[in-house]
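Next come the chains, spelled out residue by residue.
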Amino acid sequence: MNQDMSIVSLLLHASFVVQLVVGILLAISVTSWAAIVRKLSAIKRIKNLNEEFERVFWSGTSLNELFNAATQNAKMSGPMERIFASGMREYQKLRERRISDAGTLLDGARRAMRASFQREMDVAEAQLAFLASVGSISPYVGLFGTVWGIMHAFTGLASLQQVTLATVAPGIAEALVATAIGLFAAIPAVLAYNRFSHDVDRIAIKMETFIEEFSNILQRSLGSAGGSNSASGH
């Protein structure tokens, strides 16, 4: 009855399979926490850059000035600014080809922005699938370790003539540690996935709204003075 029942002691005396499962789960947990920290930083950066660009965009700065700034500062620009630059770039290319049809100009700019939007969303959604997998699989991996550990414990008890709680408890406790660590890995991943999914959805809605608003600005510009001042302001 004086057996050490600490988690470390239980793991040291557990079967190889249980130790392997626990090792895998701990590695997954560390990796998922690293992904969570990176994702927190990435989403915060995206939000800040998008908000900064929106402030500049609606401050009255001309579209040409915004486009030149986005082109010169491409590496440091945010997703919304890159979407804007894609639309303006396509719009200007079509005008350089002397295409004057308003529908063609607007459709070209919108398609370019939608393509850029999809690329930005791919980046924003990075690592979400990994967190979802950790959250859904880790408990089952831990459960596998528990079942194996219990089987191993009962196999070891088969040779004993008298079985008491003192002889059963250590083996069962060793096995249950795997489930506990599986939950330890899964719960933060699930919480982070739900939080990040919500944040990414909000970012997507804002960027889609911007695409529509910018398309409306281009449409009004094309309708005024035959589009002669289409890129001068908004």
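Sequence order as written defines residue numbering, which begins from 1 separately in each chain. Side-chain atom pairs in this predicted model are given and counted only at pLDDT of 80 or more, local residue features only at pLDDT of at least 70, and totals for whole chains, interfaces and linings cover all residues. The basis for the side-chain values is all heavy atoms of the structure; hydrogens and waters are excluded.

Visitor: Mind showing me how you'd approach a nonpolar patch on the surface here?
Guide: Note on patches: the residues involved have over 30% relative accessible area and no salt bridge, like charges join within 9 Å, and the nonpolar side chains Val, Leu, Ile, Met, Phe, Trp and Tyr join within 5 Å. For accessible areas, the Shrake-Rupley method is used with a probe of radius 1.4 Å. Any residue's cover is judged against the shown protein chains and nothing else. Salt bridges are counted wherever a side-chain nitrogen of Lys or Arg sits within 4 Å of a carboxyl oxygen of Asp or Glu. Together, Y140, L143, V147 and M151 make up a nonpolar patch on the protein surface, roughly 420 Å² of accessible area in all. When you line up the elements, V147 lands in helix α6 (residues 128–157). Buried means the residue's accessible area, taken with a 1.4 Å probe over protein chains only, is under 20% of the maximum for its type, while exposed means over 50%, and partly exposed covers the values in between. V147 sits in the partly exposed class, given a relative accessible area of 42%. Numbering goes from the N terminus for both helices and strands, where a helix is a DSSP run of H or I of at least four residues and a strand is a run of E of at least two.

Visitor: I tried to follow the UniProt feature "transmembrane region" (unreviewed entry) in the chain on my own but got confused; where do I start?
Guide: UniProt positions are given in the numbering used here, feature names are shortened, and annotations may be inferred rather than shown by experiment. What UniProt calls "transmembrane region" (unreviewed entry) maps, in this numbering, to residues 12–37, 128–151 and 171–193. End-to-end, the C-alpha atoms of residues 171–193 are 34 Å apart, and along that stretch the chain is 100% helix and 0% strand.

Visitor: Where do I start with the environment of I172 in this structure?
Guide: In this structure, I172 sits in helix α7 (residues 165–223). Taking the C-alpha atoms as reference points, I172 and M151, 21 residues apart in sequence, are found 9.3 Å from one another. For I172, the residues in contact, after removing those within four places along its chain, are I150, A153 and F154. Contacts are residue-level and defined by heavy atoms, with any inter-residue pair within 4.5 Å sufficient.

Visitor: I'm lost on unusual backbone geometry in this one. Help?
Guide: If a residue is not glycine, its phi is most likely negative; likewise, a peptide bond is most likely trans. For R98, which is not glycine, the phi torsion reads 60 degrees and is therefore positive. Locating R98 in the fold gives a position in the loop between α4 (79–96) and α5 (102–124). Located in the positive-phi region is Q127, a residue other than glycine, with phi close to 75 degrees. One can find Q127 in the loop between α5 and α6. Q127 gets classed as partly exposed once you look at its relative accessible area, which sits at 28%.

Visitor: What is the right way to look at the environment of R95 in this model?
Guide: Relative to the helices and strands, R95 is located in helix α4. In sequence terms R95 and L105 are ten residues apart; their C-alpha atoms lie 7.5 Å from each other.

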